[in-house]
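For reference, the chains in residue letters:
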Amino acid sequence: MSGSHYIVTGGQGGQTQGADAPNRREINDLVKDIIPFSLYIQALTRMFDDSQSDIISHFGIGGIHGLPFKEWDGAGGNNPVSGSDWSGYCTHGSMLFPTWHRPYVALYETCSRYCGPYQVDKDTWNTAAQNLRAPYWDWATNSVPPAEVISLQSVNIITFDGSTISVTNPLFQYTFHPIDPSFPDPYSNWQTTLRHADSTSAGATTNVQDLTDTLRSSQGDITSSTYNLLSQVHTWPAFSNHTPGDGGSASNSLEAIHDGIHVDVGGTGDMSDPSVAAFDPIFFLHHANVDRMLSLWAAVNPGVWVASGLAEGGTWTISGNATIDSNTSLTPFWATQTEFWASSGTTTTAALRYTYPEFNNLDMSNTSLVQQAIANYIEQQYGGGGLQPTDKGLGPIIPPRLGPGSVIPHGPFIPPLNRRPDVSSLAQPAADGAPLHVAKGASPAAATASAVSPVADAARNPSASQGSHPRTAESGGPGRGGPSVAYDWTVRIHVKKYELRKSFTVLIFVGPVPDEPSQWRKASSYVGSHSTFVNGSAVQCANCRAQADVVTEGFVHLNRALGGLSSYEPQVVSPYLRENLHWRVQAVDRSAISLDRLPSLEVTVASTTLTRPPGSIFPVPGEQVYHHHITHGRQGGARHAQA
């Protein structure tokens, strides 16, 4: 490497039929395909075994994100630039969050492709190696990864001579060799990365059951947040990062969803702390899906890309008060020997030699066709989560009324089916004014009975829909003219990110809250949460001191918890939430945090009207009203009774 930089080119070679470059594959699919899975496991093992001083070892690449806080491959000087409050290269809280991680995952992808000296069926193995790309974990469909990622400490693979052997599973954890001297407690005690560590001592292990329970409890929140992000957010500031002031969006940003995944996976372990998160092998599965979300969102928002904004604290090479835009260098990722990648060069994944299956067989030059196909895919894969308005031909849905003081038994969320349709078949407009939603409970036979795509078929036959829909407002419904109107109810959470100088989570409930914090996530009243993703080292966390007043924003969508009300109109929902909405704050070790320690916390309820005008791709948000009186007067509630 002496005298030259490592150029991030993406994987070279390979082909996926109907795509501009080979597909990245969902991890649940990859683990079932023994040849590419064997290649992937061996590639990771080699990266894990490489010297930690090698910049393209697993440790070397993981260290770009945070610790050991040093220069990588000649990008910047020996110390962070003046005015920077964060000593890693990652761009959290800024407009560059989604695009910075694109070449980062591509760098790891380039280095995790391997084809050893196979002695049998060489052509098959060589072809598989050429096609191998970094897998992604679609947490919006399956919030619990496969056992090969979270519980199996060894896996079976095919080796060079064609025999099947059991090897140490590199996806379960990374073993440091040695523990880096820059690591603070408790990471300085742990020889491996851990998830939901059962102690802070050297003998700590991953608590797989706690990890699994936490992720399973988050499925409904993750899916509804993802759907709302992809269907309701249309500006780059609102999409890209968790900093407030995005123009009034009532949906989570990509970064806010990302933060929650980090904290849910990490618990007391590495993934909850940005300074060490990238050493956990699941980091790159997570961020490959973050990148996939960027691709899906960009497809349904053509022409919208990185906006100009402040660096929000800065990085190793970007001053905290700098203005950043699509031409800002995405350091430390070299595009040539003299220039870094910039967001303007990452508008298509093909530039880095990978694609996602949702785009197969689409004419990528036909923007409107791609937009319609991906919108239909989003509706089919993630839609439902309590957002879509009831079709006006059905009229209002009026469930049984509840008695005074009753709590809606909304129960556990049923995750969407793990469907991967041929998206090219979805590039058809729906009937004017008809919803595009495909019911989660519809039978496969019913979905394929029509000659048209499943999504378009659902639009023509809305009575087949079995999802949880908002109730139509009085202004909508049959015979009243115009599209039906629905309400999307959300909780907005504002809190100072560094107030506790460590990661924490604000949990939202509709109904009684258990006394025992360990039971909060398991309660039927639990709806969702918002997490802060914070460097836990007070000594090295300059951010915690210099950015003490930085506020992070998150949303929890409530409609899934309101399905038993007579309507979703404010006069019905408002008094119900006034009585039944609650919130708690929890540390990563699942202990309760007193609200006295978070004076900045503000929980506010908002409603947004939604319509489905003829020709619209998604429900269209209308008036947004904050109902401050619902939480005003309670600790951590709205500051004022009125807007």
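Because the structure is a prediction, the values reported are computed rather than measured. (Residues numbered from 1 in each chain as written. Predicted model: local features only at pLDDT ≥ 70, side-chain atom pairs only at ≥ 80, totals over all residues. Heavy atoms only, no water.)

Caption draft 1: Spatial organisation of the confidence of the model for the chain. Across the chain, pLDDT averages 82, with 79% of residues at or above 70. pLDDT under 50 marks residues 385–482. Its contacts with residues more than four places away, or in other chains, come to 224 contacts. (pLDDT = per-residue confidence, 0-100. Contact = heavy atoms within 4.5 Å.)

Caption draft 2: Fine view of the sheet that holds strand 8 (residues 504–510). The four strands are arranged 9-8-11-12 in an open sheet whose pairing can be described as antiparallel. Of all strands in the sheet, those bounded by a partner on one side alone are strand 9 (526–532) and strand 12 (592–593). The pairing of strand 8 with strand 9 spans six bridges and is classified as antiparallel. Its bridge partner being in strand 9, Phe-504 is matched across the sheet by Thr-532. The strands touched by helix 10 (residues 254–266) are strand 8 and strand 9; relative to strand 9, the strand with the most contacts, the crossing angle is about 95 degrees. (Pairing = 2+ DSSP bridges. Helix = DSSP H or I, 4+ residues; strand = E, 2+ residues; numbered from the N terminus. Axes fitted to C-alpha atoms, helices over the stretch in contact; angles between N-to-C directions.)

Caption draft 3: Molecular detail of the pattern of salt bridges. In this structure the tally under the stated criterion is 10 salt bridges. Linking Glu-379 and Arg-612 is a salt bridge whose minimum nitrogen-to-oxygen distance equals 3.8 Å. Of the two residues, Glu-379 is situated in helix 12 (residues 367–382) and Arg-612 in the loop between strand 13 (602–611) and strand 14 (620–626); the sequence distance between them amounts to 233 residues. Exposure class is identical for Glu-379 and Arg-612. Each is buried. Here the salt bridges share partners, and the residues they tie into one network are Arg-24, Arg-102, Glu-109 and Asp-291. (Salt bridge = Lys/Arg side-chain N within 4 Å of Asp/Glu carboxyl O. Buried < 20%, exposed > 50% of the residue type's maximum accessible area, 1.4 Å probe, protein only.)

Caption draft 4: Seen up close, the nonpolar core. Counting 113 residues, the largest nonpolar core has Ile-61, Ile-64, Tyr-104, Leu-107, Trp-137, Trp-139 and Ile-374 as its most contacted members. Per element, the largest residue contribution to this core is 13 residues, and it comes from helix 11 (residues 282–300). Sequence-distant contacts of Ile-61, defined by excluding residues within four places in its chain, comprise Met-47, Ile-55, Ile-56, Tyr-104, Leu-107, Tyr-108, Cys-111 and Phe-284. Within the second largest apolar cluster, 31 residues are counted, among which are Trp-489, Val-556, Ile-593 and Leu-601. (Core = buried A, V, L, I, M, F, W, Y, C linked by side-chain atoms within 4.5 Å.)

Caption draft 5: Layout of the sheet that holds strand 10 (residues 551–557). Pairing in this open sheet of four strands is antiparallel, and the strands run 10-7-13-14 from one edge to the other. Because the sheet does not close on itself, it has two edges, and the strands there are strand 10 and strand 14. Neighbouring strand axes in the sheet, compared pairwise and without regard to direction, differ in orientation by 30 degrees on average. Bridge count between strand 7 (residues 485–496) and strand 13: 10 bridges; the pairing is antiparallel. Paired with His-494 across the two strands is Glu-602, which belongs to strand 13. Where helix 8 (residues 219–232) meets the sheet, it contacts strand 7, strand 10, strand 13 and strand 14, and its direction lies at approximately 105 degrees from that of strand 10.

Caption draft 6: Highlighting helix 10. Between its terminal C-alpha atoms helix 10 stretches 18 Å, which fits the 18 Å expected from 13 residues at 1.5 Å a residue. Within helix 10, 13 of the 13 residues are buried, which leaves the element mostly enclosed by the surrounding structure. (Expected span 1.5 Å × (residues − 1).)

Caption draft 7: Molecular detail of the packing of aromatic side chains. Applying the stated rule across the entire model yields 27 aromatic pairs. Centre to centre, the rings of Phe-59 and Phe-176 are 6.4 Å apart; their planes meet at 85 degrees, and the pair counts as edge-to-face. Placement of the pair is Phe-59 in helix 3 (residues 58–62) and Phe-176 in the loop between strand 2 (164–168) and helix 7 (208–217), with a sequence separation of 117 residues. Like Phe-176, Phe-59 is buried. On the basis of an interplanar angle of 85 degrees and a centroid distance of 5.6 Å, the ring pair of Tyr-187 and Trp-190 is categorised as edge-to-face. Within the aromatic cluster, the residues linked to one another by ring pairs are Phe-48, Phe-59, Tyr-174, Phe-176, Phe-183 and Phe-279. (Phe/Tyr/Trp six-rings, centres within 6.5 Å; stacked < 30°, edge-to-face > 60°.)

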